[in-house]
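# Secondary and tertiary structure notes
The residues making up each chain are set out below.
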Amino acid sequence: MLHPSYTDLMNIANSEVEQGEQPVVNSRYSIVLATAKRARQIVDGSEPLVKEIACPKALSIAIEELSTGAIKIAPE
């Protein structure tokens, strides 16, 4: 099970969007794409932006980075 949930991650990604503006993330698919892209960067040698997490796998690190605000999803 994914923790935090997709809904929580969408809320975090859209937290800086002003009322009435288009949200950065509209679907769970956007979350999946963003975390998969970041996980590939970590596998290819990028340094993780978070310290010490329970599961040291690249995807878990990417999800943790998104949930803590260490990375942002850029609007298209």
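Residues numbered from 1 in each chain as written. Predicted model: local features only at pLDDT ≥ 70, side-chain atom pairs only at ≥ 80, totals over all residues. Heavy atoms only, no water.

### Let's talk about the side chain of Glu65
By the secondary structure assignment, Glu65 is in helix 3 (residues 58-68). One polar contact links Glu65 to Arg38, side chain to side chain, over a distance of 2.6 Å. Among residues more than four places away in sequence, those in contact with Glu65 are Arg38, Ile42, Glu47, Pro48, Leu49, Val50, Ala70 and Ile71. (Helix = DSSP H or I, 4+ residues; strand = E, 2+ residues; numbered from the N terminus. Polar contact = N/O pair within 3.5 Å; in protein donor to acceptor, adjacent residues only side chain to side chain. Contact = heavy atoms within 4.5 Å.)

### Digging into empty space enclosed by the protein
According to the stated counting rule, one finds one cavity of 30 Å³ or more in the structure shown. By volume, the largest cavity amounts to about 40 Å³. Taken together, Ile12, Ala13, Leu66, Gly69, Ile71, Lys72 and Ile73 form the lining of the largest cavity. Here the residues of the lining of the largest cavity sort into five nonpolar, one polar and one charged. (1 Å grid on protein atoms, 1.4 Å probe; cavity = no way out; pocket = protein on both sides within 12 Å on 5 of 7 lines; lining within 4 Å. Points joined across faces, edges and corners; volume = space filled by probe spheres on them. Nonpolar A, V, L, I, M, F, W, Y, C, P; charged D, E, K, R; others polar.)

### Focus on the packing of helix 1 (residues 6-13) against helix 2 (residues 28-43)
Where helix 1 meets helix 2, the closest approach of the two axes is 10 Å, and the angle between their N-to-C directions is 80 degrees. As the angle between them shows, helix 1 and helix 2 are arranged roughly perpendicular. Each of Tyr6, Leu9 and Met10 in helix 1 lies in contact with helix 2, whose residues at this interface are Arg28, Ile31 and Val32. Here the contact of helix 1 with helix 2 is composed, by residue class, of five nonpolar, no polar and one charged. (Axes fitted to C-alpha atoms, helices over the stretch in contact; angles between N-to-C directions. Parallel < 35°, antiparallel > 145°, perpendicular 65-115°, else oblique.)

### Let's talk about the environment of Ala34
The topology assignment puts Ala34 in helix 2. Note on Ala34: relative accessible area 22%, which makes it partly exposed. Taking C-alpha positions, Ala34 is 13 Å from Ala58, a pair spaced 24 residues apart along the chain. (Buried < 20%, exposed > 50% of the residue type's maximum accessible area, 1.4 Å probe, protein only.)

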